[in-house]
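Next come the chains, spelled out residue by residue.
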Amino acid sequence: MSESRSPVPSMKALLAFEAVMRLGSITAAAAELGSTQPAISQRVRSLEDALGLPLFDRDGRRVSPTRAGRRYYDEVGEAVLDITRASRRLRSRAQARGRELVIAAHFGLVHLWLLPRLARLESAFPATRFDVVPVDQDGSPEMMSADLTIRFGALDERTENEQPLFEEAVYPVCSPGFGDRYALCGTVTAAELAGTPLLHMDHEDPRWLDWHRWCELAGLPSPGHPPRFRYNNYPLLLNAAVEGEGLALGWDELVRPLVREGTLMPLKPVIRRSSRGYLLGARNPDAASVAPVVDWLRREGGASDGAKGG
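Residues numbered from 1 in each chain as written. Predicted model: local features only at pLDDT ≥ 70, side-chain atom pairs only at ≥ 80, totals over all residues. Heavy atoms only, no water.

Draft legend 1. The nonpolar core, seen in detail. Of all hydrophobic cores here, the largest spans 58 residues; its most connected members are Leu 109, Trp 113, Leu 148, Leu 193, Trp 214, Leu 238 and Leu 247. With seven residues, helix H5 (residues 107-124) is the largest single contributor of residues to this core. Once residues lying within four places of it in the same chain are set aside, the contact partners of Leu 193 are Val 188, Leu 198, Trp 211, Trp 214, Cys 215, Leu 220, Pro 223, His 225 and Leu 247. (Core = buried A, V, L, I, M, F, W, Y, C linked by side-chain atoms within 4.5 Å. Buried < 20%, exposed > 50% of the residue type's maximum accessible area, 1.4 Å probe, protein only. Helix = DSSP H or I, 4+ residues; strand = E, 2+ residues; numbered from the N terminus. Contact = heavy atoms within 4.5 Å.)

Draft legend 2. How the structure looks around the pairing of strand S11 (residues 271-282). Most of S11 sits out of view: nine of its twelve residues are buried. Two strands pair when backbone bridges link them, and strand S5 (residues 148-154) and S11 are joined in this way by seven bridges, in the antiparallel orientation. Bridge pairing in S11 links Thr 149 to Gly 281. Where strand S6 (residues 162-174) and S11 come together, eight bridges link them in antiparallel fashion. Across the sheet, residue Glu 168 finds its bridge partner in S11, namely Arg 273. (Pairing = 2+ DSSP bridges.)

Draft legend 3. Just the pairing of strand S3 (residues 100-106), in detail. Counting buried positions along S3 yields six of seven residues, so the element is predominantly enclosed. Summarising the sheet, S3 and strand S4 (residues 129-135) pair through seven bridges and their orientation is parallel. Paired with Ala 105 across the strands is Pro 134, a residue of S4. Read as a crossover between parallel neighbours, the route from S3 over H5 to S4 is right-handed. Strand direction decides the pairing type here: S3 and S5, joined by three bridges, are parallel. Bridge assignment links Ala 105 to a residue of S5, and that residue is Ile 150. (Right-handed = clockwise from strand over helix to strand, strands pointing away.)

Draft legend 4. Quick peek at the side chain of Asp 147. Here Asp 147 lies in the loop between helix H6 (141-145) and S5. Polar contacts involving the side chain of Asp 147 include one to the main-chain amide nitrogen of Val 102, which spans 2.8 Å. (Polar contact = N/O pair within 3.5 Å; in protein donor to acceptor, adjacent residues only side chain to side chain.)

Draft legend 5. Quick peek at unusual backbone geometry. Looking along the chain, the bond that leaves Lys 268 and enters Pro 269 is cis, with omega of 5 degrees. Tracing the backbone through its elements, the reader meets Pro 269 in the loop between strand S10 (265-266) and S11. Located in the positive-phi region is Ala 183, a residue other than glycine, with phi close to 55 degrees. With respect to the helices and strands, Ala 183 occurs in the loop between helix H7 (176-181) and helix H8 (190-194). Using a relative accessible area of 58% as the deciding quantity, one classes Ala 183 as exposed.

Draft legend 6. Here's a closer look at the environment of Tyr 72. Within the fold, Tyr 72 resides in helix H4 (residues 67-98). Tyr 72 sits in the buried class, given a relative accessible area of 15%. Not counting residues within four places of it along the chain, the set of residues in contact with Tyr 72 comprises Pro 9, Leu 14, Phe 17, Leu 47, Leu 51, Leu 55 and Gly 77.

Draft legend 7. Spotlight on the pattern of salt bridges. For the structure on display, the rule yields 16 salt bridges. The partner of Arg 58 in a salt bridge is Glu 48, and the shortest N-O contact between them spans 3.1 Å. Pair noted here: Arg 58 is in strand S1 (residues 56-59) and Glu 48 is in helix H3 (residues 37-51), with a separation of ten residues, a long-range link. According to the relative accessible area criterion, Glu 48 is buried, its value standing at 7%. (Salt bridge = Lys/Arg side-chain N within 4 Å of Asp/Glu carboxyl O.)

Draft legend 8. Fine view of the packing of aromatic side chains. Enumeration according to the criterion identifies 13 aromatic pairs in this entry. Aromatic ring contacts, followed pair by pair, group Trp 113, Phe 152, Phe 166, Trp 208, Tyr 234, Trp 251 and Tyr 278 into a single cluster. (Phe/Tyr/Trp six-rings, centres within 6.5 Å; stacked < 30°, edge-to-face > 60°.)

Draft legend 9. Local environment of the packing of helix H1 (residues 11-23) against helix H2 (residues 26-33). Direction vectors running N to C along H1 and H2 enclose 125 degrees, while the axes themselves pass 8 Å from each other. One element, H1, and the other, H2, form an angle in the oblique class. Considering how the two elements wind past one another, H1 and H2 form a crossing that is right-handed. Across the interface between the two elements, Leu 15, Ala 16, Ala 19, Val 20, Arg 22 and Leu 23 from H1 touch Ile 26, Ala 28, Ala 29, Glu 32 and Leu 33 from H2. A per-class count over the contact of H1 with H2 returns nine nonpolar, no polar and two charged. (Axes fitted to C-alpha atoms, helices over the stretch in contact; angles between N-to-C directions. Parallel < 35°, antiparallel > 145°, perpendicular 65-115°, else oblique. Left-handed = near helix turned anticlockwise from the far one by under 90°. Nonpolar A, V, L, I, M, F, W, Y, C, P; charged D, E, K, R; others polar.)

Here it is in structure tokens:
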């Protein structure tokens with residue numbers, strides 16, 4: 001014969017029962033649970049109705065547990081407390097977690113685009129602590145576990161939790177002194193590229209434009225001379241350009257502040273690839289602590305007024 005499957009009592013009723021038993025009065029239970037005496041009494045009565053027998057003897061405003069009530073408390077009281085404690089711990093962790101967001105992004109974007117905006121980001125969200133993590137590879141553990149990610153790639157291959165931040169626009173940049181020294185101004189020519197030191201990254205990644213691919217898209221012959229020195233990250237390469245060491249390829253959103261302040265001089269042509277750019281991803285895009293930050297960062301990227309390539 002199968003056991004009767006009656007509905008499980010409501011959690012509110014169990015919480016009320018446990019509090020009354022533990023504290024010894026409906027008044028104290030109501031105070032602890034942030035409720036009223038009539039509400040607590042009603043919840044206890046609903047539990048008694050669900051179980052089919054009284055759990056308390058009532059004498060005016062005083063209540064005392066029945067034998068069944070004491071036995072029931074022995075069986076479920078600790079479990080109800082465990083659920084309450086576990087729920088409070090989880091809520092506390094969630095609240096603390098909501099005040100901390102990890103942003104992982106490619107090394108160059110972190111240093112040239114995100115960090116200069118960090119003070120304003122923190123000012124816009126004073127209750128949130130931001131942990132910014134530079135990464136080299138999309139598949140790195142830091143990128144995979146971050147709350148927010150910014151990576152470079154094909155815009156039409158983005159995941160469902162990614163949105164375009166800004167499109168790719170690339171043009172040559174150099175220091176004003178270097179430009180004067182090599183008579184560079186306006187649009188660079190094949191002859192100028194052939195006779196000018198070019199700065200290169202030390203790794204090949206098909207997602208990024210190198211000098212060979214940029215020249216191909218610009219309709220220019222690829223420079224024939226080998227690089228004298230390669231740089232292992234983009235900020236170092238740009239720093240070499242600022243110091244007058246050579247001509248570099250500049251991604252508009254990353255070099256624009258240096259161009260605006262006159263530290264770097266932009267040259268033409270500007271190569272735009274609307275199919276590629278930076279993608280902003282969010283692990284939980286609808287979370288209350290994440291969605292406003294996503295909107296803020298997208299406004300920063302969407303505030304772009306186009307490449308300033310000369």
